[in-house]
Amino acid sequence: MCIDKTYQLKILKNVLYIVAILLSVNSYSSNLPLTNDDIYRVEHPEGMQIMSAIITPNESLTLIYEHFYNYDMKAGELRYSKLKLTPTSILSSKPMTLEFENNKQVNFRTGVSSIKINNVEWLYFVESETTYHKPASPYRAQWGSNNKLVNRQLLSLPTAIAAGSAPKWYLLNNGKVALVYRSKPYSGCCQLLFSLSNDGINFDKPVEIGSGGAMPALAMFSSNELIYTFQTQFTSKADDSDEQGKSGMRTHFRLSTNNGDDWGKSIPITTRVEEVHDASPIQRKDGNVDVYYSSIDSKEHDSFTLWRRCVSSSGKLGNEELVVNRSVGNIAKVSPHRLSDGSLLLTFVEQGKVYSEGDHNLHAAKILSDAKCGFVVTL
């Protein structure tokens, strides 16, 4: 008896999704904050995850993310999981190590970004054979039919880069590729940099945006202005319980109206609290930008909660919206992704009560709409 190969493939595909991990939710959330019922866990111990990217080979949805083997971040890799979003749930294949044709063993692969250029999807990332803070090599590659990366190409940067430079790549409205990153990490660093490429491979001499810090990220308004988000160190004023004050990090942003040649003043994303981390901006459907960020909202504990707010191209700020219910946990490292239907896929980590003792594993959720943009603040 001969069985049609197409039918066999359909059966195999169904079986794979049946054995995949399934999160049952009542419906995707149009009202925030998200609760545990709205959130899907992608990864489980051991190891820790950070930022993510998505690609859509053959109209499928694949999540690619950074994975470190331990909290010391001495070694790491890129992993992927194939997602399927049903009307009421998220299906996921078992997370796998992202491999390459002629696979070369390295100590680090990290800094992943995805860009579609002329309808071709590219994954950008860095590799290092040494440590997180030593010089690394930047590459781009394509997703192959065998779930391996192919056509790997070395990028040209005029300044040194490391895995710890936290690089991210973006496609701009004019077709150029932008890179934001920190200067090669060292004690007391780092300058925040912006560089452009006409071909996605050869990058210009970077521009210093005028701030030092960490966690650089970028988005573009539909009207072509740029927003650069980052976090900088501060020391809070001393009080009766803390004679020396407390050192922390606070997220700011700068705007550019000339494709990154010059950058405006540094503006805090919120003055509601002091400790604000891990901002990720994304263009909204109306052409403005939503910025997602984590903040410590209470002096009694160090848990982060996830927020978002709308930003206009002139720097006006909308109301802050709590994205994830505080009861879910200690939320950080958000990556927002725009899906083809206009909704958003968010990934983030739940760090546990103590950073180095929690699971720090990747979670995902789908949100149907952007933040409300009734601007209340102009800075």
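Scroll up for the structure.
The shown structure was predicted, so the numbers you read here are calculated from the model rather than taken from an experiment.

Chemist: When you look at the overall build of the protein in this model, what are you seeing that I'm missing?
Modeler: Looking only at helices and strands, the protein has 1 helix and 29 strands in total. Buried positions account for 55% of the 379 residues belonging to the protein. Element-wise, carbon and sulfur atoms account for 48% of the exposed surface of the protein, whose accessible area totals about 17,900 Å².

Chemist: When you look at the pairing of strand β28 (residues 361-367) in this model, what are you seeing that I'm missing?
Modeler: It is a general feature of regular strands that their side chains alternate between the two faces of the sheet. In terms of residue burial, β28 counts as a mostly covered element, since 7 of its 7 residues are buried. On β28, burial covers both faces: N361, H363, A365 and I367 on one face and L362, A364 and K366 on the other are all buried. By the bridge criterion, 2 bridges tie strand β2 (residues 40-41) to β28 in an arrangement that is antiparallel. Bridge pairing in β28 places Y40 opposite A364. Bridging between strand β27 (residues 344-350) and β28 involves 7 bridges; their strand directions are antiparallel. Following the sheet pairing, T347 is matched in β28 by A364.

Chemist: Would you mind going over the sheet that holds strand β18 (residues 226-235) with me for this structure?
Modeler: Sheet strands pair by backbone hydrogen bonding; their relative direction is either parallel or antiparallel. An order of β17-β18-β19-β20 is seen for the 4 strands of this open sheet, with the pairing classed as antiparallel. Both outer strands of the open sheet, β17 (214-220) and β20 (267-268), are each paired with one neighbouring strand and no more. Looking at chain direction, β17 and β18 are connected through 5 bridges and run antiparallel. Residue pairing in the sheet places L218 in a bridge with Y228 of β18.

Chemist: Whenever I open this one, unusual backbone geometry confuses me. Can you help?
Modeler: Most peptide bonds take the trans configuration, and most residues that are not glycine carry a negative phi. Unlike most non-glycine residues, M215 shows phi in positive territory, near 55°. Taking relative accessible area as the criterion, M215 reaches 14% and is therefore assigned buried. Not every positive phi belongs to a glycine, and D278 is a case in point at roughly 55°. Within the fold, D278 resides in strand β21 (residues 276-283).

Chemist: Hey, could you run me through the packing of aromatic side chains in this one?
Modeler: Evaluated as defined, the whole model comprises 10 aromatic pairs. Ring geometry for F68 and F108: centres 5.9 Å apart, planes at 65°, overall edge-to-face. Separated by 40 residues along the polypeptide, F68 in strand β4 (residues 61-68) and F108 in strand β9 (residues 108-117) bring together distant segments of the chain. You'll find F68 and F108 in the same group, each marked buried. Seen from their ring centres, F125 and Y139 are 6.1 Å apart, and the 25° between their planes marks the pair as stacked. Within this pair, whereas F125 is found in strand β10 (residues 120-128), its partner Y139 is found in strand β11 (residues 137-143), the two being separated by 14 residues in sequence. Here F125 and Y139 have matching classes, each one buried. A connected cluster of aromatic rings, assembled from ring pairs, spans F194, Y228, F230 and W263. Positioned above the aromatic ring of F234 is the side chain of R250, whose terminal nitrogen or guanidinium carbon lies 4.3 Å from the ring centre.

Chemist: Where do I start with the sheet that holds strand β13 (residues 168-171) in this structure?
Modeler: Within the open sheet, the 4 strands sit side by side as β13-β14-β15-β16. Their pairing is antiparallel. The sheet is open, and its two borders are formed by β13 and β16 (207-212), each paired with just one other strand. On average, each strand axis in the sheet is tilted by 20° relative to the strand beside it, whichever way the strands run. Here 3 bridges tie strand β15 (residues 191-197) to β16, and the two strands are oriented antiparallel to one another. Counted as the bridge partner of Q191 is G212 from β16.

Chemist: Even after reading the chapter, I still don't get the side chain of S295, so can you show me in this structure?
Modeler: Relative to the helices and strands, S295 is located in strand β22 (residues 289-296). What makes S295 buried here is its relative accessible area of 0%. There is a polar contact of 2.6 Å between the side chain of S295 and the side chain of D297. Filtering out sequence-adjacent residues up to four positions away, S295 remains in contact with R272, V273, E275, V276, S303, F304, T305 and W307.

Chemist: What is the right way to look at the pairing of strand β14 (residues 177-182) in this model?
Modeler: In terms of burial, β14 is a largely internal element, 6 of the 6 residues being buried. The alternating pattern of β14 places V177, L179 and Y181 on one face and A178, V180 and R182 on the opposite face, and all of these are buried. Bridging between β13 and β14 involves 4 bridges; their strand directions are antiparallel. Directly across from K168, in β14, lies its bridge partner V180.

Chemist: Can you walk me through the nonpolar core in this structure?
Modeler: General note: in soluble globular proteins, nonpolar side chains tend to be found buried as a group. Of all hydrophobic cores here, the largest spans 26 residues; its most connected members are F68, Y124, L157, W169, V177 and F203. Of all the elements in the fold, those that place two or more residues in this core are β3 (48-55), β9, β10, β14 and β17. Those residues in contact with F68 that lie beyond four places of it in its chain are G47, M48, I50, M73, A75, G76, F108, T110 and Y132. F221, F253, I267 and I269 belong to the second-largest nonpolar core, a separate cluster that totals 17 residues.

Chemist: For this particular structure, what's the right way to read the state of the cysteines?
Modeler: Disulfide: a covalent bond formed between the sulfur atoms of two cysteine residues. Within the structure shown, the criterion is met by 1 disulfide. Between the sulfur atoms of C310 and its disulfide mate C373 the distance is 1.7 Å. You can see C310 sitting in strand β23 (residues 304-311) and its partner C373 sitting in the loop between β28 and β29 (377-378), a full 63 residues away along the chain. The exposure class of C310 is buried, given its relative accessible area of 0%.

Conventions and cut-offs
- Residues numbered from 1 in each chain as written.
- Predicted model: local features only at pLDDT ≥ 70, side-chain atom pairs only at ≥ 80, totals over all residues.
- Heavy atoms only, no water.
- Helix = DSSP H or I, 4+ residues; strand = E, 2+ residues; numbered from the N terminus.
- Buried < 20%, exposed > 50% of the residue type's maximum accessible area, 1.4 Å probe, protein only.
- Areas by Shrake-Rupley, 256 points an atom, 1.4 Å probe, with all protein chains shown as cover.
- Pairing = 2+ DSSP bridges.
- Phe/Tyr/Trp six-rings, centres within 6.5 Å; stacked < 30°, edge-to-face > 60°.
- Lys NZ or Arg CZ within 6 Å of the ring centre and 35° of its normal.
- Axes fitted to C-alpha atoms, helices over the stretch in contact; angles between N-to-C directions.
- Polar contact = N/O pair within 3.5 Å; in protein donor to acceptor, adjacent residues only side chain to side chain.
- Contact = heavy atoms within 4.5 Å.
- Core = buried A, V, L, I, M, F, W, Y, C linked by side-chain atoms within 4.5 Å.
- Disulfide = S-S within 2.5 Å.

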